[in-house]
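Read off the chains here:
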Amino acid sequence: MDLSVKDLCVSIGEKEIVKKVSLDASGRHFTALLGPNGSGKSTMLRSIYRILKPSGGTILLNGKDSKEFSPKQLAKEMAVVGQFHSVNFDFKVLDIVMMGRTPHLSMMQRERDEDYEIVMNALDNVGMKHAADRSYTTLSGGEKQRIMLARAIAQQPKLLILDEPTNHLDIRYQLQILSIVKELNINTLAALHDLSLASQFCDYLYLLKDGSVDSYGTPTEVLTKETIRRVYDINCEILPAPQGNGLLFSYYPAD
């Protein structure tokens, strides 16, 4: 499912957080929003998946205004994985992932054999099939995030939204999560912090500053010394990573 955002504005209270931002995320590409804290990344994503109401602009899904989709229709097309997931009840992992099948079931309909097969395949996809009967609360942070990604996969979405999904994870789990997402080969839009990881996994980047798009393009087009200094107010040296796998950054204070 193609996503097209045109002149999006989002305000919280009297403060305008997102200021006429336009972007396109289409095909089976991995597109990321980058920028300092407070630049509007998560606010923009939350308006796309309808937690926040935009104050202006349009959000189109395959050319259709997203407001025309019912919540259930939207959940069939779009899945979201965020930073933190608080579960107040002691669910089994299988039950958590099965929640991803809810948009595909009618009211009071029980899960079918097909749904269980989809859920187990999703768990297998994230390397957690062995934990299907474990309590979710006993999992590590990285394991919990993989379960939430499995739940999103079980929705069988055509568009995946990642709202800083690796922000609180150590590097091992960051690499695992982004590798799994890349291998899904579906249209993905993510808010990320780590420039090296973004250069390694993403096809296109939008670099935000103060709620507006500073620059966009491929990682090598966007992640230059000049743009990083302008947006983050730091100097850096940039080297190609081994085996052509992204870019490496060394930072030092701006003069």
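Above: the structure in question.
Residues numbered from 1 in each chain as written. Predicted model: local features only at pLDDT ≥ 70, side-chain atom pairs only at ≥ 80, totals over all residues. Heavy atoms only, no water.

1. Focus on the packing of aromatic side chains
- Following the criterion strictly, the structure yields two aromatic pairs and no others.
- With a centroid separation of 5.4 Å and 10 degrees between ring planes, the pair formed by Tyr206 and Tyr216 is classed as stacked. Of this pair, Tyr206 sits in strand 9 (residues 204-209) while Tyr216 sits in strand 10 (residues 212-217), placing them ten residues apart in sequence.
- The class of Tyr206 is buried, set by a relative accessible area of 8%. (Phe/Tyr/Trp six-rings, centres within 6.5 Å; stacked < 30°, edge-to-face > 60°. Helix = DSSP H or I, 4+ residues; strand = E, 2+ residues; numbered from the N terminus. Buried < 20%, exposed > 50% of the residue type's maximum accessible area, 1.4 Å probe, protein only.)

2. Details of the pattern of salt bridges
- Enumeration according to the criterion identifies seven salt bridges in this entry.
- Close ionic contact of Arg112 with Asp115 constitutes a salt bridge, the shortest N to O distance being 2.8 Å.
- Asp115 gets classed as buried once you look at its relative accessible area, which sits at 0%.
- Of the charged contacts in the structure, one is a salt bridge between Lys225 and Glu237, with a shortest N-O distance of 3.1 Å. Here Lys225, found in helix 9 (residues 225-232), pairs with Glu237, found in strand 11 (residues 234-240); they are twelve residues apart in sequence, far enough to count as distant. (Salt bridge = Lys/Arg side-chain N within 4 Å of Asp/Glu carboxyl O.)

3. What to know about the side chain of Arg101
- Here Arg101 is to be found in the loop between helix 3 (93-98) and helix 4 (113-125).
- Separated by 3.3 Å, the side chains of Arg101 and Gln156 make a polar contact.
- Leave out the neighbours within four places in its chain, and Arg101 touches Arg112, Asp115, Ile118, Val119, Ala154, Gln155 and Gln156. (Polar contact = N/O pair within 3.5 Å; in protein donor to acceptor, adjacent residues only side chain to side chain. Contact = heavy atoms within 4.5 Å.)

4. Regarding helix 6 (residues 171-184)
- With 14 residues, helix 6 extends 20 Å from end C-alpha to end C-alpha; this agrees with the ideal 20 Å at 1.5 Å per step.
- Inspection of helix 6 places Tyr173, Gln174, Ile177, Leu178, Ile180, Val181 and Leu184 among the buried residues, and these make up the whole buried set. Seen along its axis, helix 6 keeps its buried residues to an arc of 155 degrees; they face one direction. More than 90 degrees from the buried face of helix 6, the exposed residues found are Ile171, Arg172 and Glu183.
- Of the surrounding secondary structure, the elements contacted by the buried residues of helix 6 are strand 3 (30-34), helix 4, helix 5 (141-154), strand 7 (159-163), strand 8 (187-191) and helix 7 (195-201). (Expected span 1.5 Å × (residues − 1). Arc of directions from axis to C-beta.)

5. Details of the pairing of strand 2 (residues 15-25)
- Sheet topology places strand 1 (residues 3-12) next to strand 2; seven bridges connect them, and they run antiparallel. Residue pairing for strand 2: Ser11 is matched across the bridge by Glu16. (Pairing = 2+ DSSP bridges.)

As far as function goes, none of this settles anything; it's purely spatial.
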